[in-house]
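# Examining the three-dimensional arrangement
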Amino acid sequence: MRDLLPNAWHVARREYASRVRTRSFKVVTAVLALVGVALALLPLGGRLVQGNEEHRLAVYLEGSSLAPSLAGSLQATLNAATPSDQAGWVVSTVPDPGPAQAEVRSGKSDGLLTIQRGAGGDLAYQLYTDEGPTGSTPQAVQQAAYQLSVGDRLQNAGVGGQASQILARPSIEFVRSNPGARDSDENFGTRYVFAMALVILTFMAIITYGAWVASSVAEEKSSRVMELLITAATPRQLLAGKVLGTGAAGLTQYLVVVVASVAGFLLQRVLAERLVGAASANQLEGVNLTVLAPFGVLFVAGFMLYATLYAALGSIASRQEEVQQVTGPMIFIGMIGYFASFIGLTTPDATWIKVLSLIPFFSAYLLPARMLLSTVAPWEWAVAAVLMVIFLAGALWVAARIYSAGVLLYGQRPSLRAMFRAVRVDR
Amino acid sequence: MSLVIEHVSKRFGPVVALDDLTFTVEPGRIFGLLGANGAGKTTCMRIVLDILRADSGSVTWQGTPNTELPRDTWGYLPEERGLYMRMTVIDVLRFFAALYGVPADKATREVDEWLERFRVPDYRDRKVEELSKGNQQKIQFIAAILHDPDVLIMDEPFTGLDPVNVQLLKEAFLEMRNRGKTLIFSTHQMEQVEELCEAIAIVDRGRIVVHGGVREVKRAMGRRVVRLATDADGTAATAAWLAKLDGVQVNEVRADFVELQVPDGTDPERILRAALERGERVTRFEIADPSLEEVFIEHVGRPAAEEEERHLAAGRDADAA
C-alpha cells in the first residue's frame, strides 16, 4: 500500500483537475443539477397546476332556529376525519343559496349543504353537488352530518354538556404481534420508489464513471503518453491514481446534483407553505435516512471495484472506439443486478435476492435497497463487507497485471484470450 | 561500471523479437543503437527500462540488476511521442517531474532553463496541443531529463525534426554528456550517429550483428576510403583512370569528388602519387574510415533507410486496410 504513494496521489490529482476542467463536465453537471431541482419541485408544481386542493363546502342555514356555529363544528368534524397529509376542508356559511349553487356548478366549490330543522325537530340535510353518492364529498359530508346530528340529538335530550365527551374518540393502544418488523403495506410504495431510484442512480453512476476510467486509460494509450507514464510510475500507482481521480470527479458531480436536488426539495416545502398554505407532510415518510451512511461506503467501494476493472479493460483498447467493445462485460455484469432488482425488490425477503445482494458487484445498490424495503441482518453486512474487500483486492491484482501488459499492446484486436495471456505474464 | 545487456531474449508469441542480445554501454558515453524498423531496438529499450520483461538474460547498470534499480535511474524518450495535449507545457512537465519525486519549484527552475536553451521560453504557459510537432518533441525531451537520470534512453529522437531542431537536440545531447550522463539512442539515420556516437551496436532481426567503438567497428571492415578531386574537367574522367588502378574500387562518383575503396595493405598515398604523375592539380585528398552506412550495409545486407521506407509503405497499407 505504501508504495502507491505519492505517485498515485499525483496521478489522481492530475486526473481530477483535467476531468473537472472540461466543458462537458461542467455542462453535464449543471444540466443534471437543474434536472434534480426540477424533479424536487415537481410535487409543488403539480399542486399549483391543480389549483387549491382544499375542499370547499358552502353551508346555507335555512330558518333562524339554527346556530351559526354549526358551520364551524362541521369544518372541525370534517377535518378531524381527514388524514394529515391530505388537503383539509374549508366550510363557510352563505346567506343565499343561489350564488353558492353557481359556484358548485363552476367547480369553485365542492358542494352546498342546506341544513334545516325538520318536522320532528331533527336536523335535515340537502347536499347540492356534482358528485355521485359514493363520491368523496358526499361520503365525507354524510359522515360529518351524522356526527353533527348525534350531537344535536344529545343536546335536545338534555345531555348537551357532556355531548363532546360522549362523541370524543376513544384511545386505542395497538400492540404488534411482531415488533420490529416493518409493516409490509404501510409506506411500502414510497419506500419502493425510493429504493428503485437509489438502484437506478447508483447503477448509472457506477457505469458512467467506470466508463470514464476506461476511456481515460484508452486515451492515454492512444495519445502515447502511456509509455512515458509507465516508465515514471508503477502500473499499480497509475491504476490506483486513475480510479481515485476519476472517482473523485464523479463523486463531485454526484454530490453537486444531490445537494442541488435536496436544496430543491427543501425549497419546495418552504414554497409549498407560502403558496399553498397547509404544511405538506414529509414526503419521505417511512424512508429511513440512516440508509445513506452505509450506502455511501458501499457506493465508493462498488465504484472502485468496477472502476479498477474498467481501467484494466480500457488498457486493452488501442483507441477510443474500442473502449465500448472491451468494456461490454462490465455493463453486462452490472445489468444482472440492475434487472434483478426490478424483479426481486417487490419481494425483498426472497432468498435469491438476499444472496445476490451480498455479491460485491451488486451489493452497492441491492443492499441499501433491501435495507429500505426490509431488514438486513448484521451478519449480512459483515459478509458483504468481507466479500467486497476480497473482490477489491483480487480486482486490483488482476487489473494491475492486465494493465501493465495492456498498456504496451498496440494494434492487436482486444480479446479475452489476450486478456488472459496478460494476466499470466509476469508483469 | 557500465550498462551490461547479457543474453537477452524475448518472444512475442511465435515472433522472436530479441535473440540472445549481448552488448555493453560504457558510462558517460553516447551510444547508438542502429537497426531497421522491427529489428528489435524498441523492445530492447523497453527491457532495459524494465517496462517489459525478457524471457531470459539480464540487464545490469553499475552491477545492479535493472529490476532492482529505482525508476529515476532512467530517462526515456519513446519513439511514439505523447504528452497530455490539453495541459500547459509547465503543468505537464511538473506532473512528470512530480512522479519522479522532483519538487515543483526545482522542476519549474529546470524547465525554464531548458526552454531557454531550446529557445522557446514563451511556450511555458501554452497548451501542448498549440505547439508544433518539433516543439512538442523538445518538451518530451525535457520531460525525460527533468529528474536528472543517470542514463538517457531515446528511441529515434531525431525523427521528424527540422535541421535547426536537430542541431538544438544534438547540443542538448552534448550538454547531458558533459554532465556525466550516459546516452543511448536508436536511429536508422547514420549522420547523427557519425557525429555523436563513440560506440554503437547494430541490431538485425533481434540479433546484434556488430558492436563496439565506432572507430574499431569501421577498422574491422578491413578497408579505407579515399576521396579525391582534381582540377581536371569533370569527375567522370578522373573516375575512369582511377578504376584502372590495382586494388582500387570506385565507390561513388560525385560532382565534387570521387570516392574510392582501398583494402588494408594498399597504401592510399599511391593514389595521390598517381594523380600527381598525371599532372593534375589535386584539390582534395582525404583518407577516411568507411562510413557507418557502409558498415551497416556490410553487416545487414541492405541500407537502414531503405528498409525504413519499405516499413512505412507497409504501415500505410495496414492503415488503409
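Attention in this report is confined to the structure presented alongside it.

Turning to the overall build of chain A, a few remarks are in order. Counting its secondary structure elements, chain A contains 15 helices and 4 strands. Scored against the burial criterion, the 427 residues of chain A give a buried share of 36%. Residue pairs at least 24 apart in sequence account for 75% of intrachain contacts in chain A once pairs closer than 6 positions are excluded.

On to the packing of helix α7 (residues 188–222) of chain A against helix α13 (residues 360–373) of chain A. All names here are of chain A. With their axes 9 Å apart at the nearest point, α7 and α13 run at an angle of 170° to one another. The angle between α7 and α13 places the two elements in the roughly antiparallel class. Contacts between α7 and α13 pair R191, Y192, F194, A195, L198, V199, T202, F203 and I206 from the former with A364, Y365, P368, A369, L372 and L373 from the latter. Residues belonging to the contact of α7 with α13 are distributed by class as follows: 13 nonpolar, 1 polar and 1 charged.

Moving on, we get to the environment of T24 of chain B. All names here are of chain B. Position of T24 relative to the elements: it lies in strand β2 (residues 15–25). Note on T24: 14 C-beta atoms within 10 Å, which makes it partly exposed. A sequence separation of 93 residues divides T24 from R117, and the C-alpha atoms of the two residues are 31 Å apart. Those residues within four positions of T24 in sequence are excluded, and the remaining contacts are S2, L3 and V4.

Opposite the 17 residues of chain A that make contact, chain B presents 22 residues. Put simply, the parts of the chain that give the side of chain A that touches chain B at least two residues each are α1 (7–20) and α8 (226–232) of chain A. Its residues assigned to classes, the side of chain A that touches chain B comprises 7 nonpolar, 5 polar and 5 charged.

Take helix α3 (residues 104–117) of chain B next. Residue and element names in this part refer to chain B. When the terminal C-alpha atoms of α3 are compared, their 20 Å separation across 14 residues agrees well with the 20 Å that a helix rising 1.5 Å per residue should span. Within the span of α3, buried status applies to A107, V111, W114 and L115. Across the axial projection of α3, the buried residues extend over an arc of 100°, all falling on one side. Facing away from the buried side of α3 by more than 90 degrees, the exposed set consists of D105, R109, E113 and E116. On the buried face of α3, the contacting elements are α2 (89–99) and α4 (133–145). At the C-terminal side of α3, R119 shows a positive phi close to 60°.

Residues and elements named next belong to chain A. Taken together, 4 strands build an open sheet; the order of strands is β2-β1-β3-β4 and the sheet is mixed. Every interior strand has two partners, whereas the edge strands, β2 (89–93) and β4 (123–128), have only one. Neighbour to neighbour, the strand axes of the sheet diverge by 25° on average, direction disregarded. Relative to β4, strand β3 (residues 111–117) runs antiparallel, the two sharing 6 bridges. Within β4, the residue paired with L112 across the bridge is Y128. Helix α3 (residues 70–80) contacts β1 (55–61), β2 and β3 of the sheet and is inclined by roughly 170° relative to β2. Sheet contacts for helix α5 (residues 136–156): β1, β3 and β4; angle to β4, the most-contacted strand, approximately 165°.

Once that is clear, we can look at the packing of α2 of chain B against α4 of chain B. Residues and elements named next belong to chain B. The contact between α2 and α4 brings their axes to 9 Å, and the two run at 25°. Judged on the interaxial angle alone, α4 and α2 are roughly parallel. For the element pair α2 and α4, the recorded crossing hand is right-handed. Between α2 and α4, the contacting residues are V89, V92, L93 and F96 on the first element and I139, I142 and A143 on the second. Here the contact of α2 with α4 is composed, by residue class, of 7 nonpolar, no polar and no charged.

Another aspect to go through is the nonpolar core. Core analysis: the largest hydrophobic core is formed by 159 residues, its most contacted members being Y310, A311 and A399 of chain A together with V92, L93, F96 and I153 of chain B. Beyond its immediate chain neighbours, meaning those up to four positions away, A399 of chain A contacts L239, T308, L309, A311 and A312 of chain A.

A few words on the environment of D256 of chain B. All names here are of chain B. By the element assignment, D256 lies in the loop between β12 (249–253) and β13 (258–263). Judged by the 9 C-beta atoms lying within 10 Å of it, D256 is exposed. A C-alpha to C-alpha distance of 43 Å links D256 and A17, two positions 239 residues apart in sequence.

What follows concerns the environment of L33 of chain B. Residue and element names in this part refer to chain B. Along the chain, the position of L33 falls in strand β3 (residues 30–34). Sequence separation of L33 and H188 is 155 residues, and the distance between their C-alpha atoms is 8.6 Å. If we skip the residues at most four places from it in the chain, L33 touches K41, C44, I184, F185, S186, A201 and V203.

Hydrogen bonds between backbone groups are what pair the strands of a sheet, and the pairing can be parallel or antiparallel. Residues and elements named next belong to chain B. An order of β12-β13-β11-β14 is seen for the 4 strands of this open sheet, with the pairing classed as antiparallel. Edge strands, defined here as strands with exactly one partner in the open sheet, are β12 and β14 (282–288). Averaged over all pairs of adjacent strands, the angle between strand axes in this sheet comes to 20°, irrespective of strand direction. Here 6 bridges tie strand β11 (residues 223–230) to β13, and the two strands are oriented antiparallel to one another. Bridge assignment links R224 to a residue of β13, and that residue is V262. The strands touched by helix α8 (residues 235–243) are β11, β12 and β13; relative to β12, the strand with the most contacts, the crossing angle is about 170°.

Quick look at unusual backbone geometry now. Residues and elements named next belong to chain B. In this model, H7 sits at a positive phi of 50°, which is unusual for a non-glycine residue. By the secondary structure assignment, H7 is in strand β1 (residues 3–12). The backbone phi angle of R205 is positive, close to 50°, even though this residue is not glycine. Here R205 shows up in the loop between β9 (199–204) and β10 (207–213).

Quick notes on the rules
Residues numbered from 1 in each chain as written. Chains lettered and ligands numbered in written order. Predicted model: local features only at pLDDT ≥ 70, side-chain atom pairs only at ≥ 80, totals over all residues. Helix = DSSP H or I, 4+ residues; strand = E, 2+ residues; numbered from the N terminus. Buried ≥ 20, exposed ≤ 12 C-beta atoms within 10 Å, placed from the backbone. Contact = placed C-beta atoms within 7 Å. Axes fitted to C-alpha atoms, helices over the stretch in contact; angles between N-to-C directions. Parallel < 35°, antiparallel > 145°, perpendicular 65-115°, else oblique. Nonpolar A, V, L, I, M, F, W, Y, C, P; charged D, E, K, R; others polar. Expected span 1.5 Å × (residues − 1). Arc of directions from axis to C-beta. Pairing = 2+ DSSP bridges. Left-handed = near helix turned anticlockwise from the far one by under 90°. Core = buried A, V, L, I, M, F, W, Y, C linked by C-beta atoms within 7 Å.

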